[in-house]
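Per-entry structural report
Letter by letter, the chains look like this.
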Amino acid sequence: MAALPAPAVGKHTGTNSCSLRQPQPCIRLTQVYLLMEPRTATRRWKSLRALALLCPALSLLLIIACWTVGWGTIHSERHAVYESAQKDANLYARAYEQYVTRSVGQMDQVAMQLKQSWEQSGATLNLRDLYHAGMFTDAAFVEVSIADSKGRVHNSSRPQAAPRDVHDTESFVFHKNNNSTALRIGVASEQDRPIQNTVEFTRRLETPDDNFAGVLILTIDASYFTAFYNERVLGHDGMVALLGESGNLRLEQHGDAMPGVEQASLLLGQLGFGEHEGVRWMDGGTFSDSQARLLSWRKSPAYPVVAYVGMSQRELLQATDAASRDILRNCALATAVLLLLGLWGTRLARRAVSRQHEEDEVRRAYRTATESANEGFYMASAIRDPGGRITDFEIIDCNERGAQFYGLRRADLVGSRVLSMSATIFGENLLATYVAAMESGFYEDDRQLPAAGNGQLRWGHRRLVRVGNGLAITLQDVSERKLHEQELERLANEDALTRLPNRYWLNRFLPDALAAAAEAGSSLALLFIDLDDFKHVNDTQGHTTGDLLLREAAARLKSLMRKGDHVVRFGGDEFVVLLAPAGTDRQIIAVAERILTAIAEPFSIGDESQSVGASIGISVFPRDGNDPENLIKHGDIAMYSGKSEGKGQYRFFDPLLFNRLKSHAKLRYDLQQALDRDELHLYYQPRVDTKTGELRSMEALVRWIHPELGMIPPLEFIPLAEASGLIIRVGEIVMAQACAQIAAWRNLGLSLVPVSINVSPKQFSQGSIHRQLAIQMDKYQVESDLLEVEITESAMMGDQEEILAELSSIRALGIKLHVDDFGTGYSSLSQLQKLKMDVLKVDKAFTMELDRSREGRIFFQAIVSMAHALGMAVVAEGVETAEQLAILQEMNCNEVQGYYFARPMPADQMASYMQRRFLVPERRTHESSQQRIAGSMRRPANFAS
């Protein structure tokens, strides 16, 4: 006799292959009889004549065994369903959590962009105008509004009959009393339903001096977060839910119900779990429809929300319950047969002649009992050579369901040999598997059939159990469950927008890819790609256009890659390309250049053309790192390096650049600490009268005295302060220290002169310089004629109305205004005339040319004449020689400043210079220098010098 083999090609997920554990399926007494040869059956019946009195007892024992095994099989099947369902629920909860985190992250970005736009616009941003410009038109946006510092909503994306008052809402009170600008997730106060229709995202708004200015409110439709529900995956009675960790937020979607309807008002009750993620079976009392469900949850790692997925226990067990009923039916039939056998045993002596007829009846009864089952049942008899070695198996019986699995009829399958079937149907050496099952007594596995197979199965679960000289085999169709698992795996590893692998996939794939590259001795290149100007497209054209552009960009990247390369959407407008093997740097550069060229081509989105670029950072394994984290980090660093030097470039990772960035970050951190520890000090450089050498004023210059590194040059930390926004605090410290020092000198009885302080373009654009000056002057009782403000040309290139207003406010305090480093910017004569500055300070680059060329003197003289014509005094910076001083005296330059007189010095040393008053050294040398220079000016100029 021989048994039908299960599918045997493709993926093998066998468990305890050829193990020695006891068989689990119900082995019926009828199978034992059917697997016996005729002569063995005859001997068996003769033995039963002597045991006729024991047959009823034996039948009872076998009935008990049959029902015990049957119930055990049902329990095992239900347990397997529970385990599989828990795995499915966990995978889907993870996918839903990633969807929720990504969706909330998008709202976080929108809120941050609106906050920055509102604050940069000086609180003049009009949301209604943005709505008419195409923003907030997505159905997810119910309303976008801004409440002022008193809680009145005057600014909204939707028209209002009258301003609303939100001053007593929980979110407004929270932002007003907390200095954090982080995104807050909550619900509208007017929603008293247990399940909300909308979600509120709020963010604190601040004035330029970091005071509370109001709250930005994004009201989002709840269906935006619950649209992830998929009835094909979760079933008709499944559900998804999103809960806030604080307990006040709850969104749900299940079955045909819409979020927030009354029938779901008690759904989940006060449910809450402390673990980060988990799976739990919940009884029907937890839900309003009284259905028990498998509930899986996962907390977002980025936001205080928890994603829940629920699947109906009834739907999960529907197929298993049907199989259980079949098993119970078979057990009932087997019980009937065994009872008959017991009765027959008492009459065996009189019915020996009818043995063959009774055997046929038993065979027919078995087939009748199994034909209605969902599983395929097969019986295989071992064929042995004279030495007892198994040479083949023969299929001696099966049910129609089992034959259908292989695209055959029962009559065609019965009588087949395993050796003849292996190559033609299953593509596997089934004989070896069957022999192993005979030796161990049991074999179980999941098998995947080839796509071109003759059968109807794609995935099958088979069990082979030894019975006498043969095997009893069951085959169950698990194709739907396997496809479900594959779909969940795909959702977890694929970006929903571009259909590219996502960051989760990359983190799982890279370790194996690096191990393979190391084993092969080859390299692997990671190209970190960021789309240039994509934010502009998103802001001006909307997120829909941005999404379409991302899809097109992904398609272009995929079209450029080789078969073994990979394109990954890392997040936002960032992509990662893996080249394996990478080849030489020249080959990597060729790929990077193709990418830059392809992305630079305009994208046709709808009826319009959108243009973006790309910046690429390249890290190479093993040169730039041996693990995924470092390769990704180094590629990111290289990308931002190229982006900072100009967009549309590629850059390889450079360890020196990494060290420089680390040093830069350390210095920025130290600067923040320095502001708190009062490590910034003012040095003072005198300005003297050009003719007399008398001290007329001085410039206050900030210096950083680092406790470990000593004096940090201003050229190192001033640009750092500008880039990080710390320059505002630095400017406030300079104003305070300058006024405090003037008061200190006054208390010493020194003759005071004006002190000029520098303000940066960022301070000037804030429009708060005059307020800070007024505060410090009032605090230290400093007269306005003792302070002067120096402004660079670049600070005057902004909005003319704002510039004039700030200059006017400073001038109203009685403070003189200087144009600093004149000649290095873009000031025009008309601009200087319009701004009405008091002093013009000529950059040292022009002073250095005074004694070098005739052209330099002519140009400087033109600047002096122009300034005097506009009523402005002139200060020459960078005077270092007596010759330069002599020329400036002849040009009637008003004041001079430079190392020739004094370097910047601390306040106590400056006090001694204030007592001396006259600071020009070696007056006699100056006069002789003047005569020598005057003579040179009368000679013809040497233009070749």
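These numbers were taken from a predicted model, which means no experiment stands behind them.

Some words on the overall build of the protein
When you go through the protein residue by residue, the secondary structure sums to 32 helices and 32 strands. Taken over 945 residues, the protein has a buried fraction of 50%. Intrachain contacts of the protein at a sequence separation of at least 6 include 65% that bridge at least 24 residues. About 44,700 Å² of surface is accessible on the protein, with carbon and sulfur atoms providing 52% of the total.

Looking at the sheet that holds strand β18 (residues 566-571)
Reading across the sheet, the five strands line up as β18-β19-β17-β22-β23 and stay open at both edges, with mixed pairing between neighbours. Lying at the two open borders of the sheet, with one neighbouring strand each, are β18 and β23 (650-652). Across the sheet, the mean angle from the axis of one strand to that of its neighbour is 20°, orientation sign disregarded. One ladder, built from five bridges, connects β18 with strand β19 (residues 574-579); its direction is antiparallel. Following the sheet pairing, arginine 569 is matched in β19 by phenylalanine 575. Here helix α16 (residues 503-520) sits on the sheet in contact with β17 (524-532), β18, β19 and β22 (613-621), set at roughly 140° to β18.

Re the nonpolar core
Residues Tyr684, Trp745, Leu773, Val789, Phe860 and Met910 are the most contacted members of the largest nonpolar core, which totals 80 residues. The dominant element in this core, judged by the number of residues it contributes, is helix α23 (residues 727-747), at eight residues. Ignoring any residue separated from it by four or fewer positions in sequence, one finds valine 789 in contact with Ile757, Val759, Leu773, Ile810, Ile815, Lys816, Leu817 and His818. If you look at the next biggest cluster of nonpolar residues, it comprises 50 residues, including Ala89, Tyr92, Leu183 and Leu218.

Brief notes about helix α31 (residues 907-916)
Burial in α31 covers these residues: Ala907, Met910, Ala911, Tyr913 and Met914. The buried side chains of α31 occupy one side of the element, clustering within an arc of 165° when seen end-on. The exposed set on the far side of α31, more than 90 degrees from its buried face, consists of Asp908 and Gln915. Along its buried surface, α31 packs onto β24 (680-689), β25 (695-706) and α23. Positioned one or two residues after α31, arginine 917 has a phi angle of 75°, which is positive.

Quick word on the side chain of glutamine 776
On the secondary structure map, glutamine 776 appears in helix α25 (residues 769-780). Beyond its immediate chain neighbours, meaning those up to four positions away, glutamine 776 contacts Met735, Ala736 and Cys739.

As for the pairing of strand β15 (residues 459-467)
Here β15 lies mainly inside the structure; eight of its nine residues are buried. Here seven bridges tie strand β14 (residues 442-448) to β15, and the two strands are oriented antiparallel to one another. Paired with glutamine 448 across the two strands is tryptophan 459, which belongs to β15. As defined by bridge partners, β15 adjoins strand β16 (residues 470-477) across eight bridges and the pair is classed as antiparallel. Opposite glycine 460, over in β16, you have aspartate 477 as the bridge partner.

Some points on the sheet that holds strand β10 (residues 293-299)
Sheet strands pair by backbone hydrogen bonding; their relative direction is either parallel or antiparallel. Taken in spatial order, the five strands line up as β8-β7-β11-β10-β9 in an open sheet, and their pairing is antiparallel. Whereas interior strands pair on both sides, the edge strands pair on one side only; in this sheet they are β8 (250-254) and β9 (277-282). Adjacent strand axes in the sheet meet at a mean angle of 15° when their direction is disregarded. Two elements, strand β7 (residues 239-244) and β8, share five bridges in a ladder whose sense is antiparallel. Bridging across to β8, valine 240 finds its partner in glutamine 253.

Section: the confidence of the model for the protein
Looking at the protein, the pLDDT average stands at 80 and 82% of residues meet or exceed 70. At the level of individual helices and strands, the protein shows its lowest average pLDDT in helix α32 (residues 923-938), which scores 41, and its highest in strand β32 (residues 895-897), which scores 95. In the predicted structure, residues 1-43 sits below a pLDDT of 50 and forms 146 contacts with residues beyond four places in sequence or in another chain. Between residues 258-266, whose pLDDT stays under 50, and residues either more than four places distant or in other chains, the model counts 22 contacts.

Regarding the pattern of salt bridges
Counted under the stated rule, the structure contains 34 salt bridges. Salt-bridge contacts for arginine 78 lead to aspartate 321; the nearest nitrogen and oxygen are separated by 2.9 Å. Within this pair, whereas arginine 78 is found in helix α3 (residues 55-120), its partner aspartate 321 is found in helix α9 (residues 318-346), the two being separated by 243 residues in sequence. Classification of arginine 78 by relative accessible area gives partly exposed; the value is 25%. Between arginine 164 and glutamate 143 there is a salt bridge whose closest N-O contact spans 3.1 Å. On the criterion of sequence distance, the pair formed by arginine 164 in strand β3 (residues 164-165) and glutamate 143 in strand β1 (residues 141-148) is long-range, its members being 21 residues apart. You can call arginine 164 partly exposed: its relative accessible area is 32%. Under the relative-accessibility criterion, glutamate 143 is labelled buried at 16%. Among the charged side chains, a salt-bridge network with shared partners connects Arg687, Glu699, Glu788, Glu790, Lys841, Glu877 and Glu895.

Here we look at helix α5 (residues 170-177)
The set of residues buried in α5 consists of Ser171, Phe172 and His175. Projected down its long axis, α5 shows its buried positions confined to an angular sector of 100°, all on one face. Exposed residues lying more than 90 degrees from the buried face of α5 are Glu170 and Asn177. On its buried side, α5 packs onto β1, β4 (184-186), β5 (198-206) and β6 (212-221).

Side note on the packing of aromatic side chains
Counted according to the given criterion, the structure contains 16 aromatic pairs. Here phenylalanine 846 and phenylalanine 859 contribute two aromatic rings whose centre-to-centre distance is 5.2 Å and whose plane-to-plane angle is 20°, an arrangement assigned as stacked. One end of the pair, phenylalanine 846, is in helix α28 (residues 844-847); the other, phenylalanine 859, is in helix α29 (residues 854-869), with 13 residues separating them in the sequence. Taken together, a centroid distance of 5.3 Å and an interplanar angle of 80° make the contact between tyrosine 900 and phenylalanine 901 edge-to-face. The rings of Tyr92, Tyr96, Tyr99 and Phe228 are connected pair by pair, giving a single aromatic cluster. When the ring centre of phenylalanine 603 is taken as reference, the NZ or CZ atom of arginine 556 above it lies at 3.6 Å. Over the ring of tyrosine 899 we find arginine 903; its NZ or CZ atom is 3.9 Å from the centre of that ring.

Considerations on a nonpolar patch on the surface
A cluster of nonpolar side chains, contributed by Leu60, Leu61 and Ile64, occupies part of the molecular surface with about 310 Å² of accessible area. By secondary structure assignment, the location of leucine 60 is in helix α3.

Regarding unusual backbone geometry
Omega for the bond connecting alanine 580 with proline 581 falls within 30 degrees of zero, at -5°, which places this linkage in the cis form. Locating proline 581 in the fold gives a position in the loop between β19 and α19 (585-600). Following phenylalanine 621, the chain continues into proline 622 via a peptide bond in cis, with omega recorded as 5°. For proline 622, the position within the fold is in the loop between β22 and α20 (628-644). At aspartate 533, a residue that is not glycine, the phi angle is positive and equals roughly 65°.

Rules used throughout
Residues numbered from 1 in each chain as written. Predicted model: local features only at pLDDT ≥ 70, side-chain atom pairs only at ≥ 80, totals over all residues. Heavy atoms only, no water. Helix = DSSP H or I, 4+ residues; strand = E, 2+ residues; numbered from the N terminus. Buried < 20%, exposed > 50% of the residue type's maximum accessible area, 1.4 Å probe, protein only. Contact = heavy atoms within 4.5 Å. Areas by Shrake-Rupley, 256 points an atom, 1.4 Å probe, with all protein chains shown as cover. Pairing = 2+ DSSP bridges. Axes fitted to C-alpha atoms, helices over the stretch in contact; angles between N-to-C directions. Core = buried A, V, L, I, M, F, W, Y, C linked by side-chain atoms within 4.5 Å. Arc of directions from axis to C-beta. pLDDT = per-residue confidence, 0-100. Salt bridge = Lys/Arg side-chain N within 4 Å of Asp/Glu carboxyl O. Phe/Tyr/Trp six-rings, centres within 6.5 Å; stacked < 30°, edge-to-face > 60°. Lys NZ or Arg CZ within 6 Å of the ring centre and 35° of its normal. Patch = residues over 30% accessible without salt bridge, like charges linked within 9 Å, V, L, I, M, F, W, Y side chains within 5 Å.

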